[in-house]
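Single-letter residue listing:
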Amino acid sequence: MTIRVSFYFLTDYRAGEPIGKLRSAQLSWLMDRLFPKKAAIEGAADRLYEGLVHAARSTWLFTEGGFEDSFSGRFNAIALHGGLLLPELERRGGRGPVLSRAVYTRIFDGLDAGLRETGVGDASIARKVRKFGESFFGLGNAIRDALAASDSRTGIAAVLERNEVAAADEADKLADYVIDFAQHLSSLSDETLFDGDAGLVFMGKRAD
């Protein structure tokens, strides 16, 4: 189905002429915001997802941060970062919610593909994806609640230990990392975040 939109009613009250003849730059600005270009959104989502994976694969997380080097451990690393990135995109408004959904799709497409590579068949793939999805949202929600508390470091460490992301002797270090990561995300401008250019600096000083 082809949708035709007329802008004839958008006239300049001073000249009585179609706005497109006088304000093409303004019309372009309006169209970009009403109908974000799919290619631009998809490209930004790709860059954000790649940055997310880069951050979650940091050697530091598995050698000092307490993550187990297993399929579940690697997914927990994705969930930890994604659980902070996606709500931050949603919170910004504008293109943020669209990007959040696009990155979410990439995360779970990657999970599906990864499970199939380990030999999981069609009969059980949906159940396993659902289980990982519950873990993804549960960990993200708990971490965000802890971040909002007065003693966020202690709260985050407790969440990480309770969810078996990190052992007690490693949870405090990982909690500091989570706080740094959340602060990094909140410090980014909308332009940087929406362009997807923030990906490779998520890890800050701990980038490999």
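A few points on the structure. Small disclaimer: the values here were computed from a predicted structure and weren't measured.

**Quick word on helix α7 (residues 122–147)**
In step 1: Its 26 residues place the ends of α7 38 Å apart at the C-alpha level, agreeing with the 38 Å of an ideal helix rising 1.5 Å per residue.
In step 2: All of the buried residues along α7 are Ser124, Ile125, Val129, Phe132, Gly133, Phe136, Leu139, Gly140, Ala142, Ile143 and Ala146.
In step 3: The inward-facing, buried residues of α7 contact α5 (71–92), α6 (96–117), α8 (152–162) and α9 (168–187).

**Points about the packing of α5 against α6**
In step 1: Following both chains from N to C, one finds α5 and α6 inclined at 170°, their axes separated by 9 Å at the closest point. Compared by their axis directions, α5 and α6 come out roughly antiparallel. Residues Phe71, Phe75, Ile78, Leu85, Leu86, Leu89 and Glu90 of α5 lie in contact with α6, whose contacting residues are Gly96, Pro97, Leu99, Ser100, Val103, Tyr104, Ile107, Phe108, Leu111, Gly114 and Leu115.
In step 2: A class-by-class count of the residues in the contact of α5 with α6 yields 14 nonpolar, three polar and one charged.

**Re the packing of aromatic side chains**
In step 1: Under the defined criterion, the tally for this structure stands at eleven aromatic pairs.
In step 2: Taking the centre distance of 6.3 Å and the plane angle of 50° together, the rings of Phe75 and Phe136 count as tilted. Here Phe75, found in helix α5, pairs with Phe136, found in helix α7; they are 61 residues apart in sequence, far enough to count as distant.
In step 3: With relative accessibility at 2%, the residue Phe136 sits in the buried group.
In step 4: Ring geometry for Phe136 against Phe137: centres 5.2 Å apart, planes inclined by 80°, an arrangement best described as edge-to-face.
In step 5: One aromatic cluster is present, formed by Phe71, Phe75, Tyr104, Phe108, Phe132, Phe136 and Phe137 through successive ring pairs.

**Here's the deal with the packing of α5 against α7**
In step 1: It is the contact of α5 with α7, at a shortest axis distance of 8 Å, that shows an interaxial angle of 55°. Between α5 and α7, the crossing angle belongs to the class labelled oblique. Seen from above, α5 lies across α7 with right-handed handedness. Here α5 contributes Phe71, Ser72, Phe75, Asn76, Ile78, Ala79, Leu80, Gly82, Gly83, Leu84, Leu86 and Pro87 to the contact with α7, which in turn contributes Phe132, Ser135, Phe136, Leu139, Gly140, Ile143, Arg144 and Leu147.
In step 2: Looking at the contact of α5 with α7 residue by residue, the classes come out as 13 nonpolar, six polar and one charged.

**Side note on the nonpolar core**
In step 1: Core analysis: the largest hydrophobic core is formed by 54 residues, its most contacted members being Ile143 and Leu174.
In step 2: Counting residues per element, the ones that place at least two in this core are α3 (38–56), α4 (59–63), α5, α6, α7, α8, α9 and α10 (190–195).
In step 3: When sequence neighbours within four positions are dropped, the list of residues in contact with Ile143 reads Leu80, Leu84, Ile156, Val159, Leu160 and Val178.

**Let's talk about the pattern of salt bridges**
In step 1: Considering all chains together, one arrives at eight salt bridges under this definition.
In step 2: Put simply, Asp69 and Arg74 hold a salt bridge, and the shortest N to O gap is 2.8 Å.
In step 3: Glu88 is the partner of Arg92 in a salt bridge, and the nearest nitrogen-oxygen pair spans 2.7 Å. Taken together, the residues span about one helical turn, with Arg92 and Glu88 both in helix α5 at a distance of four residues.

Reading the values: rules and limits
Residues numbered from 1 in each chain as written. Predicted model: local features only at pLDDT ≥ 70, side-chain atom pairs only at ≥ 80, totals over all residues. Heavy atoms only, no water. Helix = DSSP H or I, 4+ residues; strand = E, 2+ residues; numbered from the N terminus. Expected span 1.5 Å × (residues − 1). Buried < 20%, exposed > 50% of the residue type's maximum accessible area, 1.4 Å probe, protein only. Contact = heavy atoms within 4.5 Å. Axes fitted to C-alpha atoms, helices over the stretch in contact; angles between N-to-C directions. Parallel < 35°, antiparallel > 145°, perpendicular 65-115°, else oblique. Nonpolar A, V, L, I, M, F, W, Y, C, P; charged D, E, K, R; others polar. Phe/Tyr/Trp six-rings, centres within 6.5 Å; stacked < 30°, edge-to-face > 60°. Left-handed = near helix turned anticlockwise from the far one by under 90°. Core = buried A, V, L, I, M, F, W, Y, C linked by side-chain atoms within 4.5 Å. Salt bridge = Lys/Arg side-chain N within 4 Å of Asp/Glu carboxyl O.

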